[in-house]
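Observations on the three-dimensional arrangement
Listed below are the residues making up each chain.
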Amino acid sequence: MSGNSSSMLLVGVGTAGTRIARGVSRAFGEGLRYLAIDTDASSGQDEENFLLLGGNRLSGRGAGGDVVAARLAAEDSIGAIDEHLEGVRLAVVVTSLGGGTGGGATLEVLKRLSDLGIQSIVFATTPFAFEGEDRLRNARGVMSMIEESAGATFFLPLDKLVGGEDNMAEAMRRAVDTLAGGVTLFWRLVEKPGYIRLDADRIRRLVSGAGRGRFAFVTVQGPDRASEAVDRLVRSELLAVASAPVNAILCGVLAGEDLRLSELGRVADGVREAFGDQVPFEIGTVNDEQTYCGRLCVVAMLFESAANGGEANGARPGARRTAPKGPLGVGHGSARRFHKTEPTIWHGEDLDLPTYLRRNINLDL
Ligand SMILES: Nc1nc2c(ncn2[C@@H]2O[C@H](COP(=O)(O)OP(=O)(O)OP(=O)(O)O)[C@@H](O)[C@H]2O)c(=O)[nH]1
Ligand SMILES: [Mg+2]
């Protein structure tokens, strides 16, 4: 177990997911609390922060694209996962959908987090078109369940994350690096705040039942860097396709000591004007001369779930209709989380139900 006492934990799930988490850890430096979990032993054997799932079931060779096997492997290891959750109040889960572990184990992890009252944000990539129909189907099969189980979910299509790359290996590498870069910025925003603070509790409240969102970040230099950053966000493909209206915005500005108040104003006004000036808006800054010197990084997170408890989220009207509201008017998630998705039946058991219910175990709470 990690000796780090932060209430925020990064969890990387699956082979690409663990790679992303490790990239974030390297970029953030000392102090990031993280856990890498995979069914493939080669992802991190001997590493203190690595947990191998499904030892007996899968022999450490990965789930081979089998979402259900990965899910069962994670369920077997839930006690070991729990050991890493002590004191955690907000978990940021990073994964790449398309294989077995990134989808299946993520679902079990999210269920566990939810049962323990730990708020979660998921950043999940979806496969490149060139990866073929099987991987796309695998990803699509778990997306809505992930969305139902997490506080906030950001699906990032790899084609949009790193468009225009011919070489497959290079595209994969760049995708992992890009997402790791974005999550690192988010982490800095919370754990190394500047003059305007955006702490973990604020984020927890913000993401509580927030549903699907869009996420993008840009890094800009030069005299017009604030305006250019807004322009690039507005043009970003990652922010372009909405499934529902934006109902809250979180914005982070990371720069060196040269960050001017006018730049902050320009970013805040520009982002609000472009994505919603009538919705709740939170902004935070990080001032880190060494890391950013001359550069301006802007992170934008647009939350889409409706203030009326989910009705504007066309995918599942009413999913959070009766949930209590958070400070931004979004609900806290439904008790029956998978009610509109296909049940995952395995040997006659509905895996979407918690183990203690399926096995009639009385939790003497
Ligand atoms: N194979 C592979 N996939 C990558 C890589 N980088 C990103 N990905 C993406 O990650 C998705 C999931 O692949 P993996 O992470 O290998 O799958 P997994 O979650 O470990 O699942 P199993 O290996 O089936 O247990 C792929 O469909 C790709 O979209 C990479 O270097 N190799
Ligand atoms: Mg794998």
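Read on for an overview of the structure. Bear in mind the structure is a predicted one, so any value in this text is a computation, not a measurement. (Residues numbered from 1 in each chain as written. Chains lettered and ligands numbered in written order. Predicted model: local features only at pLDDT ≥ 70, side-chain atom pairs only at ≥ 80, totals over all residues. Heavy atoms only, no water.)

Before going further, it helps to examine the site of ligand 1. Around ligand 1 lies a shell of 23 residues, among which Arg 19, Gly 65, Thr 101, Gly 102 and Glu 131 are the nearest. One of the backbone nitrogen or oxygen atoms of Ala 16 is found 2.8 Å away from an oxygen atom of ligand 1. Within the backbone of Ala 63, a nitrogen or oxygen atom sits 2.9 Å from an oxygen atom of ligand 1. Secondary structure elements with two or more residues in the shell around ligand 1: helix H1 (14-28), helix H5 (101-115) and helix H8 (168-191). The element that contributes the greatest number of residues to the shell around ligand 1 is H1, accounting for four residues. A breakdown of the residues in the shell around ligand 1 according to their chemical character gives seven nonpolar, twelve polar and four charged. (Near = heavy atom within 4 Å. Polar contact = N/O pair within 3.5 Å; in protein donor to acceptor, adjacent residues only side chain to side chain. Helix = DSSP H or I, 4+ residues; strand = E, 2+ residues; numbered from the N terminus. Nonpolar A, V, L, I, M, F, W, Y, C, P; charged D, E, K, R; others polar.)

On to unusual backbone geometry, then. Despite not being glycine, Ser 59 shows a phi value in the positive range, around 55°. With a relative accessible area of 44%, Ser 59 lands in the partly exposed category. (Buried < 20%, exposed > 50% of the residue type's maximum accessible area, 1.4 Å probe, protein only.)

Moving on to the pattern of salt bridges. Opposite charge on two side chains makes pairing possible when the charged atoms of those side chains draw close. Here the structure, examined in full by the defined rule, presents 15 salt bridges. Here Arg 137 makes a salt bridge to Asp 134, at a shortest N to O gap of 3.2 Å. Taken together, the positions of Arg 137 and Asp 134, both in helix H6 (residues 133-149) and three residues apart, correspond to about one turn of that helix. Ionic contacts of the salt-bridge type, sharing partners, join the residues Arg 225, Asp 258, Arg 260 and Glu 263 into one network. (Salt bridge = Lys/Arg side-chain N within 4 Å of Asp/Glu carboxyl O.)

Moving on, we come to H5. Helix length check: H5, at 15 residues, gives a terminal C-alpha distance of 20 Å against a target of 21 Å (1.5 Å per residue), a fit within 8%. When you tally the buried positions in H5, you get twelve out of 15 residues, the bulk of the element. Those residues of H5 not exposed but buried are Thr 101, Gly 102, Gly 103, Gly 104, Ala 105, Thr 106, Leu 107, Glu 108, Val 109, Leu 110, Lys 111 and Leu 113. Gly 117 sits one or two residues past H5 and shows a positive phi near 75°. (Expected span 1.5 Å × (residues − 1).)

Take the nonpolar core next. Ranked by internal contacts, the top residues of the largest apolar core, which has 75 residues, are Leu 10, Ile 121, Phe 123 and Phe 303. The residues that make up this core include at least three from each of domain 1 (8-191) and domain 2 (211-303). With residues near it in sequence (within four places) discarded, Phe 303 still touches Ala 152, Phe 154, Leu 206, Val 207, Ala 210, Arg 212, Gly 213, Pro 245, Val 246, Asn 247, Ala 248 and Leu 250. (Core = buried A, V, L, I, M, F, W, Y, C linked by side-chain atoms within 4.5 Å. Domains from an automatic or database assignment. Contact = heavy atoms within 4.5 Å.)

Turning to the packing of helix H3 (residues 67-76) against H5, a few remarks are in order. Where H3 meets H5, the axes come as close as 7 Å, and the angle between the chain directions of the two elements is 40°. Judged by the sense of rotation from one axis to the other, the crossing of H3 with H5 is right-handed. Between H3, through Val 67, Ala 70, Arg 71, Ala 74 and Glu 75, and H5, the contact on the second element is made entirely by Thr 101, Gly 103, Gly 104, Ala 105, Leu 107, Glu 108 and Lys 111. Taken together, the residues of the contact of H3 with H5 sort by class into five nonpolar, three polar and four charged. (Axes fitted to C-alpha atoms, helices over the stretch in contact; angles between N-to-C directions. Left-handed = near helix turned anticlockwise from the far one by under 90°.)

Before going further, it helps to examine the sheet that holds strand S8 (residues 248-255). Working definition: the strands of a sheet are paired by backbone hydrogen bonds and lie parallel or antiparallel to each other. Taking strand neighbours across the sheet as the criterion, the ten strands line up as S3-S2-S1-S4-S5-S6-S7-S10-S8-S9 in an open arrangement whose pairing is mixed. Each end of this open sheet is capped by a strand with a single partner; those strands are strand S3 (50-52) and strand S9 (281-287). Averaged over all pairs of adjacent strands, the angle between their axes in this sheet comes to 20°, without regard to strand direction. One ladder, built from eight bridges, connects S8 with strand S10 (residues 296-303); its direction is antiparallel. Pairing of Ile 249 across the sheet is with Leu 302, part of S10. The strands that H5 touches are strand S1 (8-13), strand S2 (34-38), strand S4 (90-96) and strand S5 (119-126); relative to S4, the one it contacts most, it runs at about 170°. Strands in contact with H6 are S5, strand S6 (152-157) and strand S7 (211-220); relative to S6, the strand with the most contacts, it is inclined by about 150°. (Pairing = 2+ DSSP bridges.)

We now examine the side chain of Glu 108. Turning to its location among the elements, Glu 108 is positioned in helix H5. A distance of 3.0 Å separates polar atoms of two side chains, one belonging to Glu 108 and the other to Arg 71.

This part takes up the environment of Ala 229. By the element assignment, Ala 229 lies in helix H10 (residues 225-235). In this structure Ala 229 comes out as buried when scored by relative accessible area, which is 1%. If sequence neighbours within four positions are ignored, Ala 229 has contacts with Val 218, Val 220, Leu 296 and Val 298.

This brings us to the packing of H5 against H6. Where H5 meets H6, the closest approach of the two axes is 9 Å, and the angle between their N-to-C directions is 15°. Between H5 and H6, the crossing angle belongs to the class labelled roughly parallel. Crossing hand, H5 versus H6: left-handed. Taking contact as the criterion, the partners of Gly 103, Thr 106, Leu 107, Leu 110 and Ser 114 in H5 are, on H6, Val 142, Met 145, Ile 146 and Ser 149. Grouping the amino acids of the contact of H5 with H6 by side-chain chemistry returns five nonpolar, four polar and no charged. (Parallel < 35°, antiparallel > 145°, perpendicular 65-115°, else oblique.)

Moving on: the environment of Gly 23. With respect to the element layout, Gly 23 can be found in helix H1. The exposure class of Gly 23 is buried, given its relative accessible area of 15%. Gly 23 sits 158 residues away from Gly 181 along the chain, and the two C-alpha atoms are 7.8 Å apart.

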